[in-house]
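Per-entry structural report
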Amino acid sequence: SCVTADVAAELFTLIVELAADGSKHFVLDLQNATYLDSAGLGVLLRVVRSLEEHGGRIALASVNPYVASLFRITRLDRAFPICRDAMSAIAALERAA
């Protein structure tokens, strides 16, 4: 599947709603995402900034090599812990807390 601006915007809305209900930390499992466009990257960066403003964090799990390379090229791998699986992502969020 592709993470484009529309999909990422829906994700942003969902995370903002969950954060408003008290959730702070999120794991985004991208195992089925084979493509991520620049608009999608931009929205994910907005997610990070929004969560950080409220003391929250997000970690990425199961990122395929192509998508992971986009995060490295854009240096956004510094904004998101990128983990091999969901359990590693949860552990990364717990260490950062």
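These lines cover the structure that appears in this document, whether it is placed above or below. (Residues numbered from 1 in each chain as written. Predicted model: local features only at pLDDT ≥ 70, side-chain atom pairs only at ≥ 80, totals over all residues. Heavy atoms only, no water.)

Further remarks concern the nonpolar core. Membership of the largest hydrophobic core comes to 25 residues, with the highest contact counts inside it found for Leu36, Ile58, Phe71 and Phe80. Contributing elements (two or more residues each) for this core: helix H1 (5–20), strand S2 (25–29), helix H2 (38–53), strand S4 (57–61) and helix H3 (65–73). Looking at which element gives the most residues to this core, the answer is H2, with 6 residues. Residues contacting Ile58, with those up to four places away along its chain left out, are Ile15, Phe26, Leu28, Val47, Val48, Leu51, Phe80, Pro81 and Leu93. (Core = buried A, V, L, I, M, F, W, Y, C linked by side-chain atoms within 4.5 Å. Buried < 20%, exposed > 50% of the residue type's maximum accessible area, 1.4 Å probe, protein only. Helix = DSSP H or I, 4+ residues; strand = E, 2+ residues; numbered from the N terminus. Contact = heavy atoms within 4.5 Å.)

With that settled, consider the sheet that holds S4. Taken in spatial order, the 3 strands of this open sheet run S2-S4-S5, and their pairing is parallel. The two strands at the open ends of the sheet, each matched to only one other strand, are S2 and strand S5 (82–83). (Pairing = 2+ DSSP bridges.)

Keep in mind these numbers describe shape, not what the thing actually does.
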